[in-house]
Amino acid sequence: MNKVSALIISVIVGLLLVYSESEFPKWSDPNQPASLHVSPRYIEKTVEETKVPNAVTSVLADYRGYDTMFETSVIFTAGVAVMMLLRRPKNGKRPQ
Amino acid sequence: MVRDLNDIIVRTGARILIPFMQIYSLYVYAHGHISPGGGFQGGCIMAASFILLAVAYNLHESKRRLKEKRNAIFCSLGVFIFAATGLVPVLFAGNFLDYGKWSKVLFTDPIMARYYGMAFIELGVQITVMAAMVSIFLDLVTAGKHEEVFEEEKINGDNGRQV
């Protein structure tokens with residue numbers, strides 16, 4: 001009974017998702033909202049504002065600097081977490 | 001993987017490869033403004049060179065070149081460089097991470113200051129990624145014991161055991 005109701009709910013939700021997908025913009029549509037506002041602004045102004053020919057670098061490091069900063073913090077946190085969980089120096093000595 | 005791999009072909013190959021990997025990593029970092037690349041990719045290549053040293057030689061050889069303590073300092077130094085680069089503009093009445101204000105320190109126009117600011121933060125990213133990758137690899141592969149695994153193997157005489 002439980003499995004049957006779960007199946008029915010999954011099918012209904014799946015159909016709803018497929019139905020809502022028809023409202024999405026088409027793949028590589030140049031008039032979709034995502035490529036109308038921010039992207040052209042970055043592509044046109046990157047060289048003018050930052051002198052960096054590679055738009056990926058200027059978006060990553062300048063326009064989206066906060067994002068990159070916390071990505072770096074995440075990697076730092078991962079390294080520290082692995083070290084704290086696993087590292088057990090012999091006789092409690094400090095590692096060299 | 002931490003055991004002494006005494007294979008002349010692997011050792012010679014690694015010895016030839018490692019300097020070029022490190023130079024290439026610095027190239028990927030420095031050329032990131034123009035071509036694909038940057039701190040994350042360069043840092044991973046730099047970490048791979050130290051991991052290759054640990055695989056082809058042994059753990060001691062890798063840790064002799066990059067001491068564990070120094071590695072931990074590098075790991076936090078990178079994030080510090082990033083945050084400090086972002087904080088300097090605040091001193092000159094700018095926003096956080098607004099590299100244009102670096103022009104007052106570097107004596108350039110604000111546009112070139114943004115160019116240099118990106119180079120600084122990519123350097124911080126490179127250092128952190130390199131140190132974190134090496135540290136995670138060495139901790140996972142020896143279950144956090146490092147030299148201890150090596151010494152246990154030497155006492156028991158089972159050098160062939162893969163750890």
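Residues numbered from 1 in each chain as written. Chains lettered and ligands numbered in written order. Predicted model: local features only at pLDDT ≥ 70, side-chain atom pairs only at ≥ 80, totals over all residues.

Visitor: What is the right way to look at the interface of chain A and chain B in this model?
Guide: Where interface size is given, it is often the accessible area lost as the parts come together that is meant. Taken residue by residue, the interface counts 30 residues in chain A and 39 residues in chain B. Of all elements in the fold, only α2 (38–50), α3 (55–63) and α4 (65–86) of chain A reach the threshold of two or more residues within the side of chain A that touches chain B. When residues in the side of chain A that touches chain B are grouped by element, the largest group, 13 residues, is from α4 of chain A. For the side of chain A that touches chain B, the per-class residue count stands at 14 nonpolar, 10 polar and 6 charged. (Contact = placed C-beta atoms within 7 Å. Helix = DSSP H or I, 4+ residues; strand = E, 2+ residues; numbered from the N terminus. Nonpolar A, V, L, I, M, F, W, Y, C, P; charged D, E, K, R; others polar.)

Visitor: Is there a simple way to explain helix α1 (residues 8–30) of chain B in this structure?
Guide: Residues three or four positions apart in an α-helix share a direction because the helix packs 3.6 residues into each turn. Residues and elements named next belong to chain B. Compared with an ideal rise of 1.5 Å per residue, which puts 23 residues at 33 Å, α1 spans 34 Å between its outermost C-alpha atoms and is within 8% of the ideal. Its axis deflected by about 30° at Leu 17, α1 carries its strongest bend there, up to four residues before the proline Pro 19. Within the sequence span of α1, burial applies to Ala 14, Ser 25, Val 28 and Tyr 29. The inward-facing, buried residues of α1 contact α2 (39–56) and α6 (110–141). (Expected span 1.5 Å × (residues − 1). Bend = angle between axes of the 7 residues up to and from the residue. Buried ≥ 20, exposed ≤ 12 C-beta atoms within 10 Å, placed from the backbone.)

Visitor: Got a minute to help me understand the packing of α2 of chain B against α6 of chain B in this structure?
Guide: Helix packing geometry: the angle between the two helix axes and the distance between the axes. Residue and element names in this part refer to chain B. Across the interface, α2 lies against α6 with an axial gap of 7 Å and an inter-helix angle of 35°. Along this stretch, α2 crosses α6, giving a crossing that reads as right-handed. Listed contacts from α6 to Gly 39, Phe 40, Gly 42, Gly 43, Cys 44, Met 46, Ala 47, Phe 50, Ile 51 and Ala 54 of α2 are Glu 122, Leu 123, Val 125, Gln 126, Val 129, Met 130, Met 133, Val 134, Phe 137 and Leu 138. (Axes fitted to C-alpha atoms, helices over the stretch in contact; angles between N-to-C directions. Left-handed = near helix turned anticlockwise from the far one by under 90°.)

Visitor: Got a minute to help me understand the nonpolar core in this structure?
Guide: The tendency in soluble globular proteins is for nonpolar side chains to be buried as a group. By size, the foremost hydrophobic cluster in this structure holds 42 residues, and its most contacted members are Ala 47, Val 129, Met 130, Ala 132, Met 133 and Val 134 of chain B. When residues of this core are traced back to their parent elements, those giving at least two are α3 and α4 of chain A together with α1, α2, α4 (68–91) and α6 of chain B. Those residues within four positions of Ala 47 of chain B in sequence are excluded, and the remaining contacts are Val 129, Met 130, Met 133 and Val 134 of chain B. (Core = buried A, V, L, I, M, F, W, Y, C linked by C-beta atoms within 7 Å.)

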